[in-house]
Amino acid sequence: MIPNDFTYFAPGGLPEVWDLLRQHEGEAKILAGGQSLIPLMKFRLAEPAYLIDLRNVPGMALLEERDGSLVIGAMVREAALERSPLIQQRYPGIYEASAVVADPLVRNFATIGGNVAHADPANDHPAMLLALRAQVTAQGPNGTRTMPLDDFLVDTMETALQPDEVLIDIRVPQPLPHTGSAYLKLERKVGDYAIAAVGVMVTLDGGVCSRAGIGLTNVGPTAIRATQAESFLIGKQPDEATLREAARLAAEAADPTSDLHGPAEYKRSMVRTLTARALRLAVQRAQAGGGQ
Amino acid sequence: MTQHVTLTINGQPYQADIEPRVLLVHFIREVAGLTGTHVGCDTTSCGACTVLVNGTPAKSCTLFAVQVDGAEISTVEGLEQGGKLHPIQEGFFEEHGLQCGFCTPGMMMTSVAFLKEHPNPTDDEIRHAISGNLCRCTGYVNIVKAIQYAADKMRSEQATPPESTEPAMPATPTTPAPTATEAEAVR
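Because the structure is a prediction, the values reported are computed rather than measured.

What counts, and where the lines are drawn
Residues numbered from 1 in each chain as written. Chains lettered and ligands numbered in written order. Predicted model: local features only at pLDDT ≥ 70, side-chain atom pairs only at ≥ 80, totals over all residues. Helix = DSSP H or I, 4+ residues; strand = E, 2+ residues; numbered from the N terminus. Contact = placed C-beta atoms within 7 Å. Rg over C-alpha atoms; globule rule 2.2 N^0.38 Å. Pairing = 2+ DSSP bridges. Axes fitted to C-alpha atoms, helices over the stretch in contact; angles between N-to-C directions. Nonpolar A, V, L, I, M, F, W, Y, C, P; charged D, E, K, R; others polar. Buried ≥ 20, exposed ≤ 12 C-beta atoms within 10 Å, placed from the backbone. Parallel < 35°, antiparallel > 145°, perpendicular 65-115°, else oblique. Left-handed = near helix turned anticlockwise from the far one by under 90°. Right-handed = clockwise from strand over helix to strand, strands pointing away. Expected span 1.5 Å × (residues − 1). Arc of directions from axis to C-beta.

On a plain count of helices and strands, chain B comes out with seven helices and five strands. The order of α-helices and β-strands along chain B, N terminus first, is β-β-α-β-β-β-α-α-α-α-α-α. Long-range pairs, those at least 24 residues apart, make up 61% of the contacts in chain B between residues at least 6 apart in sequence.

Attention now goes to the overall build of chain A. Helix and strand counts for chain A come out as twelve helices and 14 strands. In terms of C-alpha radius of gyration, chain A reaches 19 Å, essentially the compact-globule figure of 19 Å for 292 residues. In terms of overall dimensions, chain A has C-alpha extents of about 55 × 45 × 30 Å along its principal axes. Considering only contacts within chain A whose residues lie at least 6 apart along the sequence, 66% involve residues at least 24 apart.

A separate point is the sheet that holds strand S10 (residues 166-173) of chain A. Residues and elements named next belong to chain A. Within the open sheet, the five strands sit side by side as S4-S5-S10-S6-S7. Their pairing is antiparallel. Strands at the two margins of the open sheet, each flanked by one partner only, are strand S4 (63-66) and strand S7 (143-148). Recorded for the sheet is a direction-independent mean angle of 25° between the axes of neighbouring strands. Inspection of the sheet shows strand S6 (residues 135-140) paired to S7 by six bridges, in the antiparallel sense.

Contact with chain B, which involves 24 residues of that partner, is made by 22 residues of chain A. The leading source of residues in the side of chain B that touches chain A is strand S4 (residues 56-59) of chain B, at four residues. Grouping the amino acids of the side of chain B that touches chain A by side-chain chemistry returns eight nonpolar, twelve polar and four charged.

On to unusual backbone geometry. Residue and element names in this part refer to chain A. The phi dihedral of Met157 is positive, around 55°, even though this residue is not glycine. Mapped onto the fold, Met157 is located in the loop between strand S8 (153-155) and strand S9 (158-159). Judged by C-beta crowding, with 15 C-beta atoms within 10 Å, Met157 ranks as partly exposed. A positive phi angle, close to 60°, is found at His178, a residue other than glycine. Inspection of the secondary structure puts His178 in the loop between S10 and strand S11 (179-186).

The next point concerns the pairing of strand S2 (residues 12-18) of chain B. All names here are of chain B. Little of S2 sits out of view: just zero of its seven residues are buried. Where strand S1 (residues 3-9) and S2 come together, seven bridges link them in antiparallel fashion. Bridge pairing in S2 places Ile9 opposite Gln12. Once S1 ends, the chain turns through two residues before running back antiparallel as S2, passing Asn10 with a positive phi of about 50°.

Quick look at the packing of helix H2 (residues 87-94) of chain B against helix H5 (residues 141-159) of chain B now. All names here are of chain B. At a closest axis distance of 8 Å, the pairing of H2 and H5 adopts a crossing angle of 135°. When the axis of H2 is compared with that of H5, the two are oblique. With respect to the hand of their crossing, H2 and H5 are arranged in right-handed fashion. Only Ala146, Ile147, Tyr149, Ala150, Lys153 and Met154 of H5 make contact with H2, whose side of the interface consists of Pro87, Ile88, Glu90, Gly91, Phe92 and Glu94. A breakdown of the residues in the contact of H2 with H5 according to their chemical character gives eight nonpolar, one polar and three charged.

Attention shifts here to the sheet that holds S11(A). Residue and element names in this part refer to chain A. One open sheet holds the four strands; their spatial order is S11-S12-S13-S14, and the pairing between them is antiparallel. Whereas interior strands pair on both sides, the edge strands pair on one side only; in this sheet they are S11 and strand S14 (224-225). Here two bridges tie strand S13 (residues 208-217) to S14, and the two strands are oriented antiparallel to one another. Residue Leu216 lies in a different strand from S14, and its bridge partner there is Ile224. Sheet strands in contact with helix H12 (residues 264-287) are S11, strand S12 (196-205) and S13, and its direction is about 35° off that of S12.

Below, the discussion takes up the pairing of strand S3 (residues 50-53) of chain A. Residue and element names in this part refer to chain A. The pairing of strand S1 (residues 7-9) with S3 spans three bridges and is parallel. Note that in S3 the partner of Thr7 across the bridge is Tyr50. Direction of pairing for strand S2 (residues 28-31) relative to S3: parallel, over a ladder of four bridges. When the bridges of S3 are listed, Leu31 appears paired with Asp53. Once you follow S2 into helix H2 (residues 37-42) and on to S3, the crossover reads as right-handed.

This paragraph deals with H5(B). With 19 residues, H5(B) should reach 27 Å at 1.5 Å per residue; the first-to-last C-alpha distance of 27 Å fits that figure. Taken together, the buried positions of H5(B) are B:Asn142, B:Ile143, B:Val144, B:Ala146, B:Ile147, B:Tyr149, B:Ala150, B:Ala151 and B:Met154.

Residue and element names in this part refer to chain B. Looking at the element boundaries, Glu90 is found in helix H2. With 57 residues separating them along the chain, Glu90 and Ile147 place their C-alpha atoms 9.7 Å apart. Residues in contact with Glu90, not counting those within four places in the same chain, are Leu85 and Lys153.

In an α-helix there are 3.6 residues to a turn, and that puts residues three or four apart on one side. All names here are of chain B. Within the sequence span of helix H1 (residues 24-31), burial applies to Leu24, Val25, Phe27 and Ile28. Along H1, the residues classed as buried sweep out an arc of 165° about the axis, all on the same side. Packed against the buried residues of H1 are S1, S2, strand S3 (50-53) and strand S5 (72-74).

The structure is reproduced here in structure tokens:
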């Protein structure tokens, strides 16, 4: 399948990217790894007249802990996240999300910035990052803005980016002691989008939950934060009855639609099951000690 | 508007003025005339079009050629060296790792990159590595066996320097396998 014709740019710096975005407002798309955009273009569901590739923009693939945050450059490939000992050891939820994005070949080119900025509710990172209280950094000719991911994800495939802004990086607060995270995905086979998936984060302090995050994938118009389930956990001991009640509240926050993968009620039920399992895993990891 | 693109495919340079919408797989098949790389599903699912881009396996139906301008590409045609099959090709032959053969070029390119990082893989690791490559004939059992065959062969070639087994052949440049610790680090 051949995409519609377009003009391609691969500028060497962000100022040129902003200029191009401004010159071709409404007709240009940013190209990161291309693993979602190119299939859309081949189906002609997307027909941008201009593609602006970020591959020559320096400094966009940083992956490091700095000033209390994990900073993930927008051009960090999924495969790099999956292979990073820092991510494997300190951010198991991000590791688990990276490892279930599409398939290993796609992950060699797909980027986390693309996964987030594409704003597809079926993408795996946003829910996990919501649970981890991630912030995103946008840069444009008028400066740099940082906002919670919650505010960045506006609607299906719609973000808070201005027409001339670029998503630069994603910042995740470094885990406090006794923090655990996990991401669990239900998919029919490798490479599929989630039927439902859940990302959770729990911090324990003196045996009770002092912080909790729960994000849901592909059961609504955007990735969803299950706020009621989160607040329910705070100040409680993470016993089985508590985790089950939190899972029930998370399922209530889901807003799935029926499709070939199953009716909405099935998906809601899967959210409940996955949330309970992910919470048990995150609590175990938190109890195991580290800033995990 | 066309754009000038230069790719090195299996060590040989190819240049062309192409439209930016030309996919890497079409550059390989139509500009370079190397039709060993197959277009299967054309929707990023099947992996029949897998090639190595600077050593990293990628679905060439989901990259524009302009995106990888200047890159080193390896395709199935580059596996055989001096009339001698690559161990992965020998493995697919010996273990009956194919029936119709359509997925085979992609399976082999994914495997070649995987075996460089995992010289002593488990069957599970192999199945995980080829999970982006679909075969509709074999049920994968013989494909896994073929990749294990290649792993064995490549390990024994590493243990025995090529010049001692083939004194008449000039030393062929081979990429050294990573050490055990390097291989661990990427798991």
